[in-house]
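Structural overview for review
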Amino acid sequence: MKVEARRTGLIVTLLILLCIPVSASSQVALRMIGPEDIGGAWAEVIRNFHEEHPDIKMNYISGPWSTDERQNMYIRSFLSGNPFELVYMDVIWTANFAQRGWLLPLDSWFPQEEQEKFLPGDIEASHYKRHIYRVPVRSDVGMLYYRKDLISEPPESWEEFEHLCRTTSNPPERYGIVFQGMQYEGLICNYLEYLWGAGGTVLDENEEVCLETRENIEALRFMKKIIEEGWAPRSVLTFQEQHSLEFFEKGKALFMRNWPYAWNRLNHSPLKGKVGIVPFIHKAGQKSAGTLGGWGLGIAQGMKHPEAAWKFIEFATSANAQKILHMKRGAVPTRKSLFDDTDIQKESPHYKELYKVLLRARPRPVHPDYVRVSAILQKHVSAVLVGIERPPDAASAMDRSVSSYVQGKKLNWFRRLAVDYDLHRTVKNTLLFTILSVPFELSLGLLFALILNAPLRGRVMNRLSVLIPWALPTAVMAMAWQWMFNNPFGVINDVLMRIGLIQEPLNWLSSPQGAMFAAVFADIWKTTPFVTIILLAGLQSIPKELTESLSLDGAGFPKRLLHLILPMLIPFIRIALIFRVIHAAGIFDLIWVLTKGGPADSTRTLSLYIYDLAFRYDELGYGFFLTLFFLLALILTSVVIVKTMTLRYEKVPR
Amino acid sequence: MGGKVTALQDINLKIPNGMFTSILGPSGCGKTTLLRLVAGLEKPDAGEVLIRDSVVNDVPPRERNIAMVFQNYALYPHKRVFENMAIGLRLRRFPEHDIKKKVDGVARMLKIEDFMERYPKQLSGGQQQRVALGRALVRDPEVFLLDEPLSNLDAQVREVTRTEIKKLFKNLQATVIYVTHDQTEAMMMSDFVVVMDRGTVRQTGEPISIYKDPDHRFVAEFLGTHRINLLHGRIENAKFISDDGLIVYDAKIKTQGNVLAGVRPEHIVLGPHKEIPLKGITVLIEPIGTTHLVSVRVGENEFKILTAEAPNLQNQIMASFSLQDVYFFDDQSGRRLRPDV
Amino acid sequence: MKKILLYLLMGLVILYCLFPFFWTILTALKPSDEVFSVPVTYLPEKFSIENVKNVFSKRPFGRYILNSLIVAGGATALTLWVASLIAFHLRSLDLKKATRIQRWLLIGAIVPPALLAIPFFVVLAKLMLVNHYFGLILSYTALNLPFAVWMLHAAFRQLPKELDEAALMDGFSPMGRLFRIAMPLSRPTLSITAVLVFIFCWNEFILALTLMPTQLKYTVPVGISMLSGASVYEIPWGEINAAVALTTIPVILIIAVLQRWVIEGLTTGAMKG
């Protein structure tokens, strides 16, 4: 009795201890997430800050390259109730974060006079509903880099660009242009430059969606042409900024669309002195436009010492700090004064031109649901580039989707089911995935089980190896698969070429069919063991006498399989089928790590969509609603499977 | 036979045609293995298996024209009774019409025609067994192999079924090999008996002759409703002397040395009516229907006597038996010692 | 002849199952220039452990491992404890009722864990348990309870009722009967269940990603996935493969040692289904 009380007491104490968060120290601790601090610019700024403010500890957390992922991290931190104090945000996050009440208005600390010292576009984008929530740290605008040692006259129009590509580029040693073509926010920055350059726009003066326009179609057509004609390498579809930079740096392209930060890198590379920048190309007769980018710092609502956070912001956006960021990182300053600074002019003489471009940088639509709209646009632009959607269809789909999204948000959920384009797409993908993988897993599992059942030596080794794919973490193995399906370093392409099945390496993960195939393959690899084990148990439960009797009755192995083994295995097949269908329909880990649902949403399954609804689009209610339906569908499917797969003899009473 | 246990050794056996042969022995004696060898479910490590003068070692089971009834019936649970019985013919591509005729015929013979549409799990043990039999009968094979088919049945069902099986196969004049550990079954049903013990054949022959004239102590002990009384002693100068010296009589046998003398309970009578006397005390009386099995203690040994009247317990009693009912066995080898040896 | 074919097939099966794992290890052991060489080299020319070293130095990978251990270990212990309490009580009910209760528990197993992440997150956020070990431990326990209860219940039911009665006469309390008698006698089942639960928690990804979003608290799968950017050139593939290998080796060792039990556990679960 005492032993029981003591043990229970111990456990309870342990549990309580685990619950109490570790207490804070006397210093104020601040955190922010940013990309890897290559060059150490932030480290220096923070060091200087610590010298001036020893009572405040600033922690710069290195996050992934992808801005979308860092945004997710910020969102999750807001939702968790313990937000990161300093919000280092992309220009497009501001409206959304502000609308959700996550940001502290900075009006009291950042009055009009101060604001005017900064670039106008950046300031405009830092407002939401007349309050300012963010202080711009670095500005950004998309522009065209070109090899001035190879091209004397940089192009201004699309037509001039085309001409230069045809005559001067030389794929695959040297392509025409490289840009950001992966399905993410960066793609829209690129796309808008074509759209605006064609004279089109997303929202008209009345703030209505107007994407089903000739300009949009022309812009999409042009982008697609760039890839189809081979002026850009096909792998540009998997590029973000750093990939296009690496490519251009290695001298493999004549032009690059990128942000100003690249200049710094290029200046320390073999291409030093050989690169020039100009505003991005436009259709003849239209005006050039560059997408406004840029990052700024805001303060999270609900933190204990906002003044400490403000102190850091003040410091980090001061002229000195911005200078450091420029020198060490190539960041474009946001203070107008810095463009006249002698050091900076010496360092980056091109800033004179850049300043003019910056003054005309166009922000993306400032809208709290911009992220969602962008996601819709990304999907279709990506689909056009990948080749699975024609520009006119894409243009009308974009128009329809965005309008219906905005509309749908006002609709009741049931009606929304019919309109929700994303939902339909993901359901289709989920069905495709399930139908492709489950039959294979079952057949392969049966085959393996039959092999494992045979009295051969080394059975133990066999059983052990069969267990392994199932036991390994899916997410981790998905990374391994990414590597194996890689082009050009992947082993799968290599093996296939050596065997002679294919002549050239295939682009697995950047084509819709290839990505789905890769996902199905990886899933089959992982879950066949599970099926094998269940069926093996089934095989071993068949009394030996039955098999002997049937072979006496005249059945060779194939007939035995048909008349005895398969029927007796049906209860087990049933179970395996149900487990597998449920698992395949709800697949998340594998896809999320392997392809994130891309390219062009071709591998996006229902679970991914619902997850996004909850965590990225802030539509928890709708997400739950869909989950309920999903569950019902799964339960129904299980019931159907059980009903149809029960042999009569099982149902009959004794 | 794989593994480290020798299941069968030095078997040289001829099973007669058209007769009901039992292979009798305790568990582990190798009788089932022998059956499976004939079926082709096991392969011999050395030697040949012949069916009708052709060597069938390499012939797979399904081509040997044999049918087997398993101990646990081995009915296919997912097929109806009709299907269970028909499958052998189906697999051999018999025309459908013939199959139906044959199955129905056998079903009628076994009186299971009402069960054709049921599933095995809906039948009782006895009914399942008949279906298993029917499955074999339908095949019309050269040899029927039955592996302890009655052992899973209740005692009373067993008796009835035993007779039915015997009659059935008698009518068919089929060659049957029937494995059992129950000596009553073997005695009552067979034309020919093979007695096995630990992988070797001890004796073969007709049931009566084996019973009356056992070749080996094992056979004498194994057969018989009631266990034979065995007395240890030695033979000197044609006289049998028990170890404790209390029982002595003329043996009329030429051998010398240690022997076991066996007498069956039913051959000992109460009273001095036969030549060799036994004097002792009754220690236990076990009534069996109309007779009694009386245990009598003589010196160090106990004898069981089968008799109609029950003597009083703990009384002195006199019983007797005659020499011609005594079997002598060599103490070492267990072999039977016959008078002219 | 048939035997040769079967052995060949068996070999193919083993190759199919183990190839990705071996490839990962091979890549992990290559120095980075070899990792990125075209055409692909199979055996490393030079073996190097720089990848492994980098894994630990660039990110707090050791911390990730610690986090995974804490969470998986804690969840396993908690699951076993709670499940044994439930299973022990279920044992005293009549079989039909107990089976019905278990069926209800099963419904929880139908929901894809990814979707469960959402309500878990909402609830735990309100409880201030996001980014806390205990939050994740609780979630894993909830997910594994149906399975664990199933297994333990089956094991407990196999213990004869007489054991209970003897214990009652000896003066054991109910908790005593559970912990001193039932559990020690069910050691095999307990071990299988513990192993399967542990493996599940170690491998789990989406809940860990959602509920422990700060870098210091990443579990190993989440940490590894964060090593990626999005495409080829920037990504430290050598290190990633090293990290993958490091994560998978312990699991493989556990499986190797306990494979028979794991298979038993899975099949029992399947058959009861």
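Only a predicted model underlies this, so the values are computations on that prediction, with no experimental measurement involved. (Residues numbered from 1 in each chain as written. Chains lettered and ligands numbered in written order. Predicted model: local features only at pLDDT ≥ 70, side-chain atom pairs only at ≥ 80, totals over all residues.)

1. Re the overall build of chain C
To keep things clear, this is the line we draw: Secondary structure elements are defined from DSSP: runs of H or I of at least 4 residues count as helices, runs of E of at least 2 residues count as strands, and each element is numbered from the N terminus. As a rule, residues whose C-beta atom has 12 or fewer other C-beta atoms within 10 Å are exposed, those with 20 or more are buried, and those in between are partly exposed; C-beta atoms are placed from the backbone. Residues are treated as contacting if the C-beta atoms built from their backbones sit within 7 Å of each other.
Scanning chain C from terminus to terminus reveals 13 helices and zero strands. Taken from the N to the C terminus, the helices and strands of chain C come in the order α-α-α-α-α-α-α-α-α-α-α-α-α. When the 273 residues of chain C are sorted by exposure, 44% land in the buried category. A separation of at least 24 residues holds for 76% of the contacts in chain C among residues at least 6 apart in sequence.

2. Regarding the pairing of strand β1 (residues 20–24) of chain B
Residues and elements named next belong to chain B. The condition is simple: A strand pair is defined by DSSP finding two or more bridges across the two strands.
Counting buried residues along β1, five of its five residues qualify, which places the element largely inside the surrounding structure. Neither face of β1 is left uncovered, since the one carrying F20, S22 and L24 and the one carrying T21 and I23 both have all their residues buried. Bridge analysis of β1 against strand β6 (residues 175–180) gives five bridges, and the strand direction is parallel. When the sheet's bridge partners are listed, T21 is paired in β6 with I177. Where β1 meets strand β7 (residues 192–197), four bridges bridge the pair, whose relative direction is parallel. For T21, the partnering residue across the bridge sits in β7 and is F192.

3. Observations regarding the interface of chain A and chain C
What counts is decided by this rule: In this classification, Asp, Glu, Lys and Arg are treated as charged, Ala, Val, Leu, Ile, Met, Phe, Trp, Tyr, Cys and Pro as nonpolar, and every other residue, Gly included, as polar.
Taken together, the contact pairs 71 residues of chain A with 70 residues of chain C. The element best represented in the side of chain A that touches chain C is helix α20 (residues 459–471) of chain A, accounting for 10 residues. Looking at the side of chain A that touches chain C residue by residue, the class counts come to 47 nonpolar, 18 polar and six charged.

4. A word on the environment of F572 of chain A
All names here are of chain A. Among the structural elements, F572 can be located in helix α25 (residues 557–585). Taking the number of C-beta atoms within 10 Å as the measure of exposure, F572 has 23 and is therefore buried. In this structure, the C-alpha to C-alpha distance between F572 and G538, residues 34 residues apart in sequence, is 6.0 Å. Those residues within four positions of F572 in sequence are excluded, and the remaining contacts are I534, L535, A537 and G538.

5. Structural notes on the arrangement of the chains
No other pair of the two pairs of chains in contact has as many contacts as chains A and C. Chain B makes no contact with chain C; the smallest distance between any of their C-alpha atoms is 15 Å.

6. Comments concerning the sheet that holds strand β19 (residues 336–337) of chain B
Residues and elements named next belong to chain B. Strand order in the open sheet made by the six strands is β11-β10-β9-β12-β18-β19, with antiparallel pairing throughout. Among the strands making up the open sheet, the edge pair consists of β11 (248–250) and β19. Here strand β9 (residues 229–236) runs beside strand β10 (residues 239–242); their pairing, made up of four bridges, is antiparallel. Within β10, the position partnered with E236 by the bridge is K239.

7. Notes on helix α7 (residues 158–168) of chain A
Residue and element names in this part refer to chain A. So the rule is basically this: Note: the arc covers the axis-to-C-beta directions of the helix.
W158, F161, L164 and C165 are the residues of α7 that are buried. Buried residues of α7 fall within an arc of 125 degrees about the axis and therefore sit on the same side. Turned more than 90 degrees away from the buried face of α7, the exposed residues are E159, H163, R166 and T167. Where α7 is buried, its residues touch β8 (175–178) and α9 (214–228).

8. Some words on the domain arrangement of chain A
Going by this rule: Residue ranges for the domains originate in an automatic or database domain assignment.
Split into domains, chain A comes out as domain 1 (26–140 + 294–359), domain 2 (143–290 + 369–407) and domain 3 (421–651). Relative to domain 3 of chain A, the C-alpha centre of domain 1 of chain A lies at a distance of 47 Å.

9. Remarks on helix α23 (residues 512–540) of chain A
Residue and element names in this part refer to chain A. To keep it simple, the criterion reads: The length a helix should cover is 1.5 Å for every residue beyond the first. One axis fitted to the seven residues ending at a residue, another fitted to the seven starting there: the angle between these axes is the bend at that residue.
The terminal C-alpha atoms of α23, which comprises 29 residues, lie 41 Å apart, in line with the 42 Å expected from a rise of 1.5 Å per residue. The sharpest bend along α23 comes to roughly 35 degrees, located at T527, with the proline P529 sitting one to four residues further on. The buried fraction of α23 is high, at 23 of 29 residues.

10. Some remarks on the interface of chain B and chain A
Facing 19 residues of chain B, the contacting portion of chain A comprises 19 residues. Sorting the residues of the side of chain B that touches chain A by element identifies β4 (66–69) and α2 (81–91) of chain B as the ones contributing at least two each. Looking at the side of chain B that touches chain A element by element, the count peaks at three residues for α2 of chain B. A per-class count over the side of chain B that touches chain A returns 12 nonpolar, four polar and three charged.

11. A short note on unusual backbone geometry
Residue and element names in this part refer to chain B. Of note in this structure, A238 is not a glycine but carries a positive phi near 60 degrees. By C-beta crowding, A238 is classed as partly exposed, having 13 other C-beta atoms within 10 Å. You will see that Q314, though not glycine, has its phi angle at about 65 degrees, which is positive. Among the structural elements, Q314 can be located in the loop between β16 (301–307) and β17 (316–321).

12. Focus: the nonpolar core
As a rule of thumb, soluble globular proteins bury nonpolar side chains together. The line we're drawing: Here a nonpolar core is just a set of buried residues of the types Ala, Val, Leu, Ile, Met, Phe, Trp, Tyr and Cys, joined wherever their C-beta atoms sit within 7 Å.
Judged by nonpolar contacts, the single largest core of 231 residues is most densely connected at A519 of chain A together with V38 and L145 of chain B. When residues no more than four places from it in sequence are discounted, the contact partners of A519 of chain A are F433, L590, I591, L594, T595 and T603 of chain A. Listed in part, the 129 residues of the second largest apolar core include Y74, F118, L195 and V381 of chain A.

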